[in-house]
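Survey of secondary and tertiary structure
Listed here are the chains, written in short residue letters.
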Amino acid sequence: MKPLRLALGSDHAGFLLKEKLSKYLQENGHKVMDFGCYSEERADYADFGHIVAHALEKDEADFGILLCGSGNGINMSANKHKGIRAALCWKKEIAELARQHNDANIITLPARFITEEEAVRCLDVFLNTPFEGGRHADRVAKIDCQ
């Protein structure tokens, strides 16, 4: 697999897991752009969801990775952006289907409800699974509002 440009962001609840995943991704040859947060001090998930989504909109990153406590808030924030298909994943099978069927371009992980090992499995599957296209392409085309 070729090295990817990855935009990474989290709130305070996802900070520790984000740090571990960032190291793992860099050790595997990927370019990681860490958009924060940078500590466990309180931070608002929406701020980081928007920053990572903007990086994808501007073609600065191939994929985004977001984390917050439940994964929901930061996922909702990213999905407000046109062309962003953020998928909340907590097991590798969901991450695989998010790529295969939904052409997801951001994976969101629920930091308080997932182990580091399962997060790594989700990332590996997400980053290595191609979009199937075909009948799924028609469905994905209907996601963005006009």
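Residues numbered from 1 in each chain as written. Predicted model: local features only at pLDDT ≥ 70, side-chain atom pairs only at ≥ 80, totals over all residues. Heavy atoms only, no water.

Quick notes on the pattern of salt bridges
- A full pass over the atoms with the stated rule returns eleven salt bridges.
- As a salt-bridge pair, glutamate 118 and arginine 121 come within 2.7 Å of each other at their nearest N and O atoms. Of this pair, glutamate 118 and arginine 121 are both found in helix α5 (residues 116–128), three residues apart, which corresponds to roughly one turn of the helix.
- Shared partners join several salt bridges into a network, and the residues in it are Arg5, Asp59 and Asp62. (Salt bridge = Lys/Arg side-chain N within 4 Å of Asp/Glu carboxyl O. Helix = DSSP H or I, 4+ residues; strand = E, 2+ residues; numbered from the N terminus.)

Examining helix α1 (residues 15–27)
- Taking 1.5 Å of rise per residue, 13 residues should cover 18 Å, and α1 covers 18 Å from first to last C-alpha, within 8% of that figure.
- Regarding α1, the residues found buried are Phe15, Leu17, Lys18, Leu21, Ser22 and Leu25. An end-on view of α1 places all buried positions within 150° of arc, on one side of the element. Exposed residues on α1 whose side chains face more than 90 degrees from its buried face are Lys23 and Glu27. (Expected span 1.5 Å × (residues − 1). Buried < 20%, exposed > 50% of the residue type's maximum accessible area, 1.4 Å probe, protein only. Arc of directions from axis to C-beta.)

Section: the nonpolar core
- Ranked by size, the top nonpolar core spans 25 residues in total, and within it Leu21, Ile65, Leu67, Ile107 and Leu109 carry the most contacts.
- Only β1 (5–10), α1, β3 (63–68), α4 (92–102), β5 (106–110) and α5 provide two or more residues apiece to this core.
- Not counting residues within four places of it along the chain, the set of residues in contact with leucine 67 comprises Leu8, Gly9, Ser10, Asp11, Gly14, Leu17, Lys18, Leu21, Ile74, Leu109 and Ala111.
- Counting 18 residues, the second largest nonpolar core, distinct from the first, contains Cys37, Ala53, Cys68 and Ile74. (Core = buried A, V, L, I, M, F, W, Y, C linked by side-chain atoms within 4.5 Å. Contact = heavy atoms within 4.5 Å.)

Focus: the environment of aspartate 44
- Here aspartate 44 lies in the loop between β2 (31–34) and α2 (45–57).
- Overall, the relative accessible area of 37% leaves aspartate 44 in the partly exposed class.
- Aspartate 44 sits 24 residues away from cysteine 68 along the chain, and the two C-alpha atoms are 9.3 Å apart.
- Side-chain polar atoms of aspartate 44 contact the side chain of arginine 42, separated by 3.0 Å. (Polar contact = N/O pair within 3.5 Å; in protein donor to acceptor, adjacent residues only side chain to side chain.)

A look at the sheet that holds strand β4 (residues 86–88)
- Read from one edge to the other, the open sheet built from five strands follows the order β2-β1-β3-β5-β4, with strand pairing classed as parallel. Both edges of this open sheet fall to β2 and β4, since each of them pairs with a single strand only. Ignoring strand direction, the axes of neighbouring strands in this sheet form an average angle of 25°.
- Where β1 lies against β2, four bridges are found, and the strand directions are parallel. By the bridge assignment, arginine 5 is partnered in β2 with lysine 31.
- Docked against the sheet, α1 engages β1, β2, β3 and β5, running at close to 165° with respect to β1. (Pairing = 2+ DSSP bridges. Axes fitted to C-alpha atoms, helices over the stretch in contact; angles between N-to-C directions.)

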